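These are the residues of each chain, in order.
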Amino acid sequence: MNFNAEQFAATQQANLAAAAGLSQTAFAGFERLVELNMAAGKAAVGESFANVQALIAAKTPQDLLAVQAALVQPAFEKSVSYGRHLAEIAQSTGGEFTKAVESKMAESEQAVKSLVENSLKNAPAGSDAAVAVIKSAFEASQNAAETLKKVAKQAADSAESNLKAATAQAEASVKAAMSKAKAKA
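Rules of the game
- Residues numbered from 1 in each chain as written.
- Predicted model: local features only at pLDDT ≥ 70, side-chain atom pairs only at ≥ 80, totals over all residues.
- Heavy atoms only, no water.
- Helix = DSSP H or I, 4+ residues; strand = E, 2+ residues; numbered from the N terminus.
- Buried < 20%, exposed > 50% of the residue type's maximum accessible area, 1.4 Å probe, protein only.
- Expected span 1.5 Å × (residues − 1).
- 1 Å grid on protein atoms, 1.4 Å probe; cavity = no way out; pocket = protein on both sides within 12 Å on 5 of 7 lines; lining within 4 Å.
- Points joined across faces, edges and corners; volume = space filled by probe spheres on them.
- Nonpolar A, V, L, I, M, F, W, Y, C, P; charged D, E, K, R; others polar.

Chemist: What's the story with the environment of isoleucine 56 in this structure? I'm lost.
Modeler: Summarising the element assignment, isoleucine 56 is placed in helix H1 (residues 5–57). The spacing of isoleucine 56 and alanine 170 is 114 residues in sequence and 32 Å in space, taken between C-alpha atoms.

Chemist: Just to check I follow, could you spell out the environment of alanine 166 for this structure?
Modeler: Along the chain, alanine 166 falls in helix H3 (residues 128–184). Using a relative accessible area of 42% as the deciding quantity, one classes alanine 166 as partly exposed. Between the C-alpha atom of alanine 166 and that of methionine 38, which follows or precedes it by 128 residues, the distance is 27 Å.

Chemist: Looking at this structure, how should I read H1?
Modeler: Side chains that are three or four residues apart share a direction in an α-helix, a result of its 3.6 residues per turn. Taking 1.5 Å as the rise per residue, H1 with 53 residues should run 78 Å; its terminal C-alpha atoms sit 78 Å apart, in good agreement. Here H1 has its buried residues at Thr25, Gly29 and Leu36.

Chemist: What is the right way to read helix H2 (residues 61–121) from this model?
Modeler: Taking 1.5 Å per residue as the helical rise, H2 with its 61 residues ought to reach 90 Å, and the 89 Å between its terminal C-alpha atoms agrees with that figure. Listing the buried residues of H2 in full gives Val67, Gln73, Phe76, Val80, Ile89, Thr93, Val116 and Leu120.

Chemist: What's the story with the layout of surface pockets in this structure? I'm lost.
Modeler: Sizing a probe to match a water molecule and rolling it over the atoms shows the empty space that remains. Space inside the largest pocket adds up to approximately 900 Å³. Those elements that provide at least two residues to the lining of the largest pocket are H2 and H3. Element by element, the count of residues in the lining of the largest pocket is highest for H2, at 16 residues. Looking at the lining of the largest pocket, its residues break down into twelve nonpolar, seven polar and ten charged.

Structure follows, in structure tokens:
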């Protein structure tokens, strides 16, 4: 096997560029998360003072209960909105990472395939049976890897779908409970 320094250097350069890209993706996701938390914190502080003023302004216990009940729905909606934004940030950042990893894996698979094919082309005369066995084993490993990728993708898609369904169900349950509480008040 011949060592190709230029090919090695090009591969290392490509890997470095990929790592830099992933770092930028991670920092962009983190930056979006910080911005979301800062906006949520700022809104929470402003709303806290307004809520306290509304509670202080209540004249009777019934007024106090009515104000408290009125504050619950907006707080819940903001909490759900925050959760959705958080999930979107995580999903988009994770999606970018997944694309980058899949791309690098495809490149690596192609490089290994080329290496195997080139090595087998230079096999000594009379080794046809061994070459056929190696090719067959390599193709089987490629098929197994592809199957594993598909299963992992299906599992990830299923988990994401289940999470969305659970979130929607929890949201609906809380809204129904809040509607019942309002009806009683």
